[in-house]
Number of protein chains: 2
Amino acid sequence: MNCNPAPLFPELEDLGSASGFVDEIRAIVKTLPLFEGFNHQESAVFCSYMKCFGAPSRATILREGDYGNFMLLLLTGSVNVVKGTPGESKLVAQLGPSTFLGEMSLFDGQQRFASCITNEPTDFAILTRDSLNDILLDHPRLGNKLLLILVQMITSRLRETTKRMLPTVIGAAI
Amino acid sequence: MNCNPAPLFPELEDLGSASGFVDEIRAIVKTLPLFEGFNHQESAVFCSYMKCFGAPSRATILREGDYGNFMLLLLTGSVNVVKGTPGESKLVAQLGPSTFLGEMSLFDGQQRFASCITNEPTDFAILTRDSLNDILLDHPRLGNKLLLILVQMITSRLRETTKRMLPTVIGAAI
């Protein structure tokens, strides 16, 4: 398994398995309507496949253009989502705890669309593609629930993004 | 199970279970890179949970604003994807065989984003949310393969849509 992004982000503090953060993660996950179907045991199993890291302020925890196959769940703190080169970067969004980041690259292995830079000390859990595959292999019914949650989350983002881009699509040459 | 959209679209010809179209669907599915992990038996099981319909030309097989919980796989023919009222509708896309339609509403149960109107006689298979749930219950490992395929497809659309809307996002107030 390749759960550890430390070679990419040596400034990060390794907080170990997310199993040490089950209660915190369960508290966050319970606030996400999509996760309401996860009971305590399922949350614990899910956490056992994730690792946690602590980043200081102004740390780049996802870098635009990098290839990546992991997703983040913000536990504390906040990040700026920016695109562009340093000095010419544009703010795309500001995101806080309970937010998933990097889910597109988890599933398609393509380059990160934007960078995520911490605004303050920020802890997060990561789920890698290898760990997701292990969950599907070891716990297929939990895998069903997890994939349904992720597909609903990505669908929600697709619907929102599609609505926002509508003026640029209508009438476009196909 | 509620696999039959006939009350919504009485003009459609009910072609029965997709099990009668396994070879056709498998031939299409084999052209989809995401489905390469489906073997013949898995394709047959997948098909047994879908139904097929035949629509004449100029039939509305998805209607903007309708609530829906099923997805279509085009087997033959083609459709125009349009938004707006009749007479003032704008073409969004033209799509042919091997295309999935309506996957957002399958997962979020929300209104159809656009209408799909056949350009010619068109056959398609439908997968309802109930049928998807049955697959997950009866065949959790196959269900995970299917969900991985669908999440990859939706991720691909999200990445493409996000790229296209970028000029409207950058610099926007968050």
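For clarity, every value in this text was computed on a predicted model and none was experimentally measured.

Peer 1: Would you mind going over the overall build of chain A with me for this structure?
Peer 2: When its secondary structure is counted, chain A shows five helices and nine strands. When the helices and strands of chain A are placed in sequence order, the string is β-α-α-β-β-β-β-β-β-α-β-β-α-α. Out of the 174 residues belonging to chain A, those deemed buried represent 37%. Taking all contacts inside chain A whose residues are at least 6 apart in sequence as the whole, residues at least 24 apart take part in 77%.

Peer 1: Quick question: what am I supposed to make of the sheet that holds strand β7 (residues 100-101) of chain B here?
Peer 2: Pairing between the strands of a sheet is mediated by backbone hydrogen bonds and can be parallel or antiparallel. Residue and element names in this part refer to chain B. Taken in spatial order, the five strands of this open sheet run β1-β2-β9-β4-β7, and their pairing is antiparallel. The sheet is open, and its two borders are formed by β1 (13-17) and β7, each paired with just one other strand. Across five bridges, strand β4 (residues 70-74) lies against strand β9 (residues 122-128) in antiparallel orientation. Bridge pairing links methionine 71 to leucine 127 in β9.

Peer 1: How should I be thinking about the relation of the copies chain A and chain B in this particular structure?
Peer 2: Each of the two chain copies can be brought onto the other by rotation about an axis and movement along it. The transformation that overlays chain A on chain B combines an axial shift of 0.0 Å with a rotation of 180°, and the residual RMSD is 0.1 Å. Both copies are brought into coincidence by an operation consistent with a two-fold rotation axis. Both copies contact each other with a shared surface, as 100% of the interface residues of chain A are interface residues in chain B too.

Peer 1: Just checking my understanding: could you explain the pairing of strand β5 (residues 79-83) of chain A for this structure?
Peer 2: Two faces belong to every sheet, and in a regular strand the side chains alternate between them. Residues and elements named next belong to chain A. Sheet topology note: the β5/strand β6 (residues 90-95) ladder contains five bridges and is antiparallel. By the bridge assignment, valine 82 is partnered in β6 with leucine 91. Sheet topology places β5 next to strand β8 (residues 115-118); four bridges connect them, and they run antiparallel. The residue of β8 that forms the bridge with valine 81 is cysteine 116.

Peer 1: Is there a simple way to think about helix α2 (residues 40-48) of chain A in this case?
Peer 2: Within α2(A), the full set of buried residues consists of Ser43(A), Phe46(A) and Cys47(A). Along the axis of α2(A), the buried positions cluster into a sector of 100°, meaning they face one direction only.

Peer 1: Any chance you could explain the confidence of the model for chain A here in plain terms?
Peer 2: It should be kept in mind that the predicted coordinates are not to be read in detail where pLDDT is low. All names here are of chain A. Residues at a pLDDT of 70 or more form 86% of chain A, whose mean pLDDT is 84. Mean pLDDT across the elements of chain A bottoms out in helix α1 (residues 22-31) (77) and peaks in helix α4 (residues 129-138) (95). In this model, residues 1-6 is a region of pLDDT below 50 whose contacts with residues beyond four sequence positions or in other chains number 14 contacts. Here the predicted complex scores 0.84 on pTM and 0.83 on ipTM.

Peer 1: In this structure, what is going on with the packing of helix α1 (residues 22-31) of chain B against helix α2 (residues 40-48) of chain B? I would like to understand it.
Peer 2: A pair of packed helices can be characterised by two numbers: the angle between their axes and the separation between those axes. Residues and elements named next belong to chain B. Remark: α1 packs on α2, axes separated minimally by 10 Å, with the N-to-C direction vectors making an angle of 115°. Note that α1 runs across α2; the crossing there is right-handed. Every residue of α2 that contacts α1 at Val22, Ile25, Arg26 and Val29 is listed here: His40, Ser43, Ala44 and Cys47. Class assignment of the residues belonging to the contact of α1 with α2 gives a composition of five nonpolar, two polar and one charged.

Peer 1: Which parts of the structure should I look at to understand the environment of Leu158(A)?
Peer 2: On the secondary structure map, Leu158(A) appears in helix α5 (residues 140-169). Along the chain, Leu158(A) and Ala44(A) lie 114 residues apart, while their C-alpha atoms are 29 Å from each other. If sequence neighbours within four positions are ignored, Leu158(A) has contacts with Met104(B), Ile154(B), Arg157(B), Leu158(B) and Thr161(B).

Peer 1: Mind showing me how you'd approach the interface of chain A and chain B here?
Peer 2: Size of an interface: often given as the accessible area lost when the parts come together. Counting residues at the interface gives 36 residues for chain A, matched by 36 residues for chain B. Looking at the side of chain A that touches chain B, the elements with two or more residues in it are β6, α3 (103-108) and α5 of chain A. Broken down by element, the residue count for the side of chain A that touches chain B peaks at 21 residues, all from α5(A). Taken together, the residues of the side of chain A that touches chain B sort by class into 18 nonpolar, 11 polar and seven charged.

Here is what the cut-offs are and how they apply
Residues numbered from 1 in each chain as written. Chains lettered and ligands numbered in written order. Predicted model: local features only at pLDDT ≥ 70, side-chain atom pairs only at ≥ 80, totals over all residues. Helix = DSSP H or I, 4+ residues; strand = E, 2+ residues; numbered from the N terminus. Buried ≥ 20, exposed ≤ 12 C-beta atoms within 10 Å, placed from the backbone. Contact = placed C-beta atoms within 7 Å. Pairing = 2+ DSSP bridges. Least-squares fit on C-alpha atoms with pLDDT ≥ 70 in both. Arc of directions from axis to C-beta. pLDDT = per-residue confidence, 0-100. Axes fitted to C-alpha atoms, helices over the stretch in contact; angles between N-to-C directions. Left-handed = near helix turned anticlockwise from the far one by under 90°. Nonpolar A, V, L, I, M, F, W, Y, C, P; charged D, E, K, R; others polar.

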